[in-house]
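One-letter residues, chain by chain:
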Amino acid sequence: MFHIGSHISSSKGYAAMGRQALKLGADTFAFFTRNPRGGNAKAIVPEDVEKYREIAKEHGFARIVAHAPYTLNACAAKEDIRRFARETFADDLNRMENTPGQYYNFHPGSHVGQGAARGIELIAEMLNDNLRPEQTTTVLLETMAGKGSEVGRSFEELRAILDRVKLVEKMGVCLDTCHVWDGGYDIAGDLDGVLEEFDRVIGLDRLKAIHINDSLNPLSSHKDRHAKIGEGMIGLETFRRIVRHPALQGLPFILETPNDDAGWAAEIAMLRSMAEE
Ligand code: FE
Ligand code: FE
Ligand code: ZN
């Protein structure tokens, strides 16, 4: 079963996101839990969530992949930025329980000169302070492009975080195709090899979602500039292999391409036909 969707605006609530997903031909989606740059989240209305659940059930939606704001930096050097990350993360986890059993994806963080080892420690610390045995949400670490001082630029760094998390069964990984390519993993030349490496270092059982994006830049560029599917340096043929790869079957695929609604609908239709041909 192939599940695909794009990022959708959360400004009109859950039911509106479900309807918008249907309009795009999607059966999963991503949304920002609050403004991507941070700030307050919208109040959750139970009837709205209930309406969303009906839509999702009727149309066989896969798990949705909520995205934390970009400003959440669990390994900032400044105490007040780390506190904001912690509070936002805790609040988002509480809110996620309104739609039980979904994914919450976040960028591990940027260590801003403290070094990756210290970054990894601080990220694991925030996770250990906030994960709860009773939560139904699975928290996903996103693979990063390695721009600036981003932590999570290699599979080893993600594994190092996971190794320090006590409730590691509440954790998973979201693989962003643009980010791993920019990070130096040659998914165009050797997709099998990259997935084997992921399996060896992290474990494919921990891979829960894919951000499916082309990249404007060459392998190992560490730039993180997304391109439309087939219009970047990863190329269409690789995406055909990705959506058809046996190791990735059943995962939610999320587009974060620079597009409008018509563009996302077209990408969804194209990738769906590739996956199912
Ligand atoms: Fe992201
Ligand atoms: Fe991403
Ligand atoms: Zn990105």
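To be clear, the structure that these remarks concern was listed above.
An account of the accompanying structure is given in this report. (Residues numbered from 1 in each chain as written. Chains lettered and ligands numbered in written order. Predicted model: local features only at pLDDT ≥ 70, side-chain atom pairs only at ≥ 80, totals over all residues. Heavy atoms only, no water.)

Once that is clear, we can look at the side chain of threonine 28. Within the secondary structure layout, threonine 28 lies in the loop between α1 (14-24) and β2 (30-32). At 2.7 Å, the side chain of threonine 28 forms a polar contact with the backbone oxygen of arginine 63. (Helix = DSSP H or I, 4+ residues; strand = E, 2+ residues; numbered from the N terminus. Polar contact = N/O pair within 3.5 Å; in protein donor to acceptor, adjacent residues only side chain to side chain.)

Below, the discussion takes up the coordination of the iron ion (ligand 1). Protein coordination at the iron ion (ligand 1) comes from His67 (NE2), His107 (NE2) and Glu142 (OE), with a distance range of 2.1 to 2.2 Å. The metal-metal distance between the iron ion (ligand 1) and the iron ion (ligand 2) comes to 3.2 Å, with glutamate 142 coordinating both. Highlighted residues: histidine 107 in the loop between β4 (103-106) and β5 (109-110) and glutamate 142 in strand β6 (residues 138-142), separated in sequence by 35 residues. As far as burial versus exposure is concerned, histidine 107 and glutamate 142 are alike and both buried. (Donors = N, O, S within 2.8 Å, 3.2 Å for Na, K, Ca; no water. Buried < 20%, exposed > 50% of the residue type's maximum accessible area, 1.4 Å probe, protein only.)

Looking at where aspartate 176 falls in the secondary structure, it is placed in strand β8 (residues 171-176). No salt bridge is formed by the buried aspartate 176; its nearest oppositely charged neighbour, lysine 147, is found at 11 Å. Not counting residues within four places of it along the chain, the set of residues in contact with aspartate 176 comprises Glu142, Thr143, His211, Asn213, His226 and Glu256. (Lys, Arg positive; Asp, Glu negative; His and termini not counted. Salt bridge = Lys/Arg side-chain N within 4 Å of Asp/Glu carboxyl O. Contact = heavy atoms within 4.5 Å.)

A few words on the coordination of the zinc ion (ligand 3). Taken together, the protein donors to the zinc ion (ligand 3) comprise His179 (NE2), Asp224 (OD) and His226 (NE2), at separations of 2.0 to 2.3 Å. Written as a sequence motif, the donor residues of the zinc ion (ligand 3) are H-x44-D-x1-H. The metal-metal distance between the zinc ion (ligand 3) and the iron ion (ligand 1) is 5.3 Å. A residue pair is termed long-range when its members are at least 10 positions apart, and histidine 179 in helix α6 (residues 177-182) and aspartate 224 in the loop between β10 (214-215) and β11 (226-227) qualify at 45 residues. Exposure class is identical for histidine 179 and aspartate 224. Each is buried.

With that settled, consider the packing of helix α4 (residues 116-130) against helix α5 (residues 155-164). For the pair α4 and α5, interaxial distance at closest approach is 9 Å and the crossing angle is 40°. Relative to α5, α4 is oriented oblique. Seen from above, α4 lies across α5 with right-handed handedness. In this structure, α4 uses Ala116, Ile120, Ile123, Ala124, Leu127 and Asn128 to contact α5, whose residues at the interface are Glu157, Ala160, Ile161 and Arg164. (Axes fitted to C-alpha atoms, helices over the stretch in contact; angles between N-to-C directions. Parallel < 35°, antiparallel > 145°, perpendicular 65-115°, else oblique. Left-handed = near helix turned anticlockwise from the far one by under 90°.)

This brings us to the pairing of strand β1 (residues 3-6). A two-sided burial pattern is seen for β1, the buried positions comprising His3 and Gly5 on one face and Ile4 and Ser6 on the other. Bridge analysis of β1 against strand β12 (residues 252-255) gives 4 bridges, and the strand direction is parallel. Bridge assignment links serine 6 to a residue of β12, and that residue is leucine 255. (Pairing = 2+ DSSP bridges.)

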